[in-house]
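The chain contents come next:
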Amino acid sequence: MSIEPKNLSDLLYETLKDIYFAENQILTALPKMAEAARSPDLKQAFQTHWEQTEGQVKRLEQIFELIGQPAKQKTCSAILGMIEEGKEMMEEFKGTPALDPGLLAAAQAIEHYEISRYGTMLSWARTLGQDEVAELLGQTLDEEESTDELLSEIAETAVNAAAA
């Protein structure tokens, strides 16, 4: 009795479970980051991204339906580590001018992880001919890239200089 080899569809499903877990963890972390932020622009960016993340979770649930698999979460150690680093940074720099740049760095680490995951899954969905899945993943990838650009702008135009 041989075990059937795993294919790209299996890999896509496993990665979807990983990012589904990650997005749900991010939903919990973003309000804490928004509360900790000193810059009104940064607070607003975190609040806006929280709303986007809610939509991204719903989009992932649609993708699970499209591929005919249950919407399950798979623990993502990477996101747990990044969130933990963000918590440590919030404690260590609480009340200091360096807090907002630290929050931005933590948020951008998470954004870069998400961009990597969504970009990879988008490529896989296209290879598999999953056009609807690719469209949904592309929407989320666009949002993640826009959020990353916004965070860079906030860092470069306000919070980094304020902390210098």
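Here is what the cut-offs are and how they apply
- Residues numbered from 1 in each chain as written.
- Predicted model: local features only at pLDDT ≥ 70, side-chain atom pairs only at ≥ 80, totals over all residues.
- Heavy atoms only, no water.
- 1 Å grid on protein atoms, 1.4 Å probe; cavity = no way out; pocket = protein on both sides within 12 Å on 5 of 7 lines; lining within 4 Å.
- Points joined across faces, edges and corners; volume = space filled by probe spheres on them.
- Helix = DSSP H or I, 4+ residues; strand = E, 2+ residues; numbered from the N terminus.
- Phe/Tyr/Trp six-rings, centres within 6.5 Å; stacked < 30°, edge-to-face > 60°.
- Buried < 20%, exposed > 50% of the residue type's maximum accessible area, 1.4 Å probe, protein only.
- Axes fitted to C-alpha atoms, helices over the stretch in contact; angles between N-to-C directions.
- Parallel < 35°, antiparallel > 145°, perpendicular 65-115°, else oblique.
- Left-handed = near helix turned anticlockwise from the far one by under 90°.
- Nonpolar A, V, L, I, M, F, W, Y, C, P; charged D, E, K, R; others polar.
- Core = buried A, V, L, I, M, F, W, Y, C linked by side-chain atoms within 4.5 Å.
- Contact = heavy atoms within 4.5 Å.

### A closer look at empty space enclosed by the protein
Step number 1: Tallied over the entire structure, the rule returns one cavity of 30 Å³ or more.
Step number 2: Its volume calculated, the largest cavity comes out at about 80 Å³.
Step number 3: Contributions of two or more residues to the lining of the largest cavity are made by α1 (8-36), α2 (40-66), α4 (99-127) and α5 (131-163).
Step number 4: Of all the elements, α4 adds the most residues to the lining of the largest cavity, at four residues.

### Focus: the packing of aromatic side chains
Step number 1: Overall, the coordinates contain two aromatic pairs when judged by the stated rule.
Step number 2: Ring geometry for Tyr-13 against Phe-64: centres 5.9 Å apart, planes inclined by 90 degrees, an arrangement best described as edge-to-face. Of this pair, Tyr-13 sits in helix α1 while Phe-64 sits in helix α2, and the two are 51 residues apart along the sequence.
Step number 3: Relative accessible area serves as the criterion here: at 10%, Tyr-13 is assigned to the buried category.
Step number 4: With 5.3 Å between their ring centres and 70 degrees between their planes, Tyr-20 and Phe-64 make a pair best called edge-to-face.

### As for the packing of α4 against α5
Step number 1: Relative to each other, α4 and α5 sit at 160 degrees, their axes nearing to 9 Å. Considered as vectors, α4 and α5 are oriented roughly antiparallel to each other. Handedness of the α4/α5 crossing: left-handed.
Step number 2: Looking at the contact of α4 with α5, its residues break down into 17 nonpolar, eight polar and seven charged.

### Considering the nonpolar core
The tendency in soluble globular proteins is for nonpolar side chains to be buried as a group.
Step number 1: Judged by nonpolar contacts, the single largest core of 49 residues is most densely connected at Phe-46, Ile-79, Leu-103 and Leu-137.
Step number 2: Put simply, the parts of the chain that give this core at least two residues each are α1, α2, α3 (77-93), α4 and α5.
Step number 3: With sequence-adjacent residues up to four places away left out, Leu-137 is seen in contact with Leu-16, Ile-63, Tyr-118, Met-121, Leu-122 and Ala-125.

### What about the environment of Glu-4?
Step number 1: With respect to the helices, strands and loops of the structure, Glu-4 is situated in the segment before α1.
Step number 2: Linking Glu-4 and Glu-14, residues ten residues apart in sequence, is a C-alpha distance of 16 Å.

### A word on the packing of α3 against α4
Step number 1: Running from N to C, α3 and α4 point in directions that differ by 175 degrees, and their axes come no closer than 9 Å. Classed by the angle they form, the pair α3 and α4 counts as roughly antiparallel. Residues Ala-78, Ile-79, Met-82, Ile-83, Gly-86, Met-89, Met-90 and Phe-93 of α3 pack against Leu-99, Gly-102, Leu-103, Ala-106, Ala-109, Ile-110 and Tyr-113 of α4.
Step number 2: Residue classes in the contact of α3 with α4 are distributed as 13 nonpolar, two polar and no charged.

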